[in-house]
Amino acid sequence: VGGIDIFLKDSDDIDAISKYAYVYGYDGSNHCIKKRLPGCTWQFMTYDNAGQQILIQRSNSTCNFTIPDILGRPCVTGTCKGPLFIWSTGIPGIVVAERDNNATAYKGYNIKGITLTDPVITKVMYYDDYDFMGCNGIPSSTDTSFIYRQYDGFGNRYTDSAKGLLTGSINTILDDASSITSYIRTINYYDQKGEVIQIISWEAWKEQLPLILLQAK
């Protein structure tokens, strides 16, 4: 292992390897914790105690993060400030996003197990139900412009449960300076087979009707 680590360090000084080689480094649990693609700089990956990849660091100043829920589904993604040079030891404990449906920095989630510096949210995903509606800029489930609409020739919405399904999301629109300019919010409705039959999507801060996409049956 020590010889491999020395090779990884020295490979920066070998021109042919720097230009043409795919170089990877692993920890004792066989997690890929660093890699370098041809002509690129190093990327560092950080995992929690559950083996979930939480951070990717591509520079000394910025990290990409993905925070999962207790089932391992990605819930909150974005960027934060580095350096977070903890890739070699990992994150102690388990990182998890817990839904609280409140108007918070993480758009209805409470993040546990890690503290992020100056996070910028790029995407938020909601599962299992529609309790997230009515908060964080998402209209309530009774808003007539955003509720499910029945159309002839299309499927019928299954209302008993949406367990295990992606029911909604928020996507952030950034400008060239990585500043938030707007959000695209989306609601997914399903039939009894768990197939999407209607998607309602709209961009916040613009006075326009929502875009409704239908899946024919």
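Quick note: structure is the one above.
Numbers given for residues are sequential positions, taken from 1 along each chain in its written order. The predicted nature of this model means local features are confined to residues of pLDDT at least 70 and side-chain atom pairs, given and counted, to a pLDDT of 80 or more, with totals for whole chains, interfaces and linings taken over all residues. With hydrogens and water excluded, all non-hydrogen atoms of the structure serve as input to the side-chain values.

Quick look at the environment of Gly194 now. Inspection of the secondary structure puts Gly194 in the loop between β11 (180–190) and β12 (196–203). Overall, the relative accessible area of 28% leaves Gly194 in the partly exposed class. C-alpha of Gly194 to C-alpha of Tyr158: the two residues are 36 residues apart in sequence and 8.2 Å apart in space. A run of H or I in DSSP counts as a helix once it spans at least four residues, and a run of E counts as a strand once it spans at least two, with each numbered from the N terminus. Only protein chains enter the accessibility calculation, which uses a 1.4 Å probe. A residue is then buried if its area is under 20% of the maximum for its type, exposed if over 50%, and partly exposed in between.

To continue, consider the pairing of strand β4 (residues 53–57). Burial analysis of β4 places 4 of its 5 residues in the buried class, which makes it a mostly covered element. Following DSSP output, two strands are said to pair if at least two bridges run between them. Two strands pair when backbone bridges link them, and strand β3 (residues 43–47) and β4 are joined in this way by 4 bridges, in the antiparallel orientation. Bridging across to β4, Tyr47 finds its partner in Gln53. Direction of pairing for β4 relative to strand β5 (residues 62–68): antiparallel, over a ladder of 3 bridges. Note that in β5 the partner of Ile56 across the bridge is Asn64.

Paired rings are identified among Phe, Tyr and Trp, the last through its six-membered ring, by centres lying within 6.5 Å, and are further divided according to the angle between planes into stacked (under 30 degrees), edge-to-face (over 60) and tilted (the rest). For the structure on display, the rule yields 6 aromatic pairs. Ring geometry for Tyr130 and Phe132: centres 6.3 Å apart, planes at 35°, overall tilted. Pair check on accessibility: Tyr130 and Phe132 agree, each one buried. Ring geometry for Phe146 versus Trp202: centroids 4.4 Å apart, planes at 50°, classification tilted. One end of the pair, Phe146, is in the loop between β9 (120–128) and β10 (162–174); the other, Trp202, is in strand β12, and 56 residues separate them in sequence.

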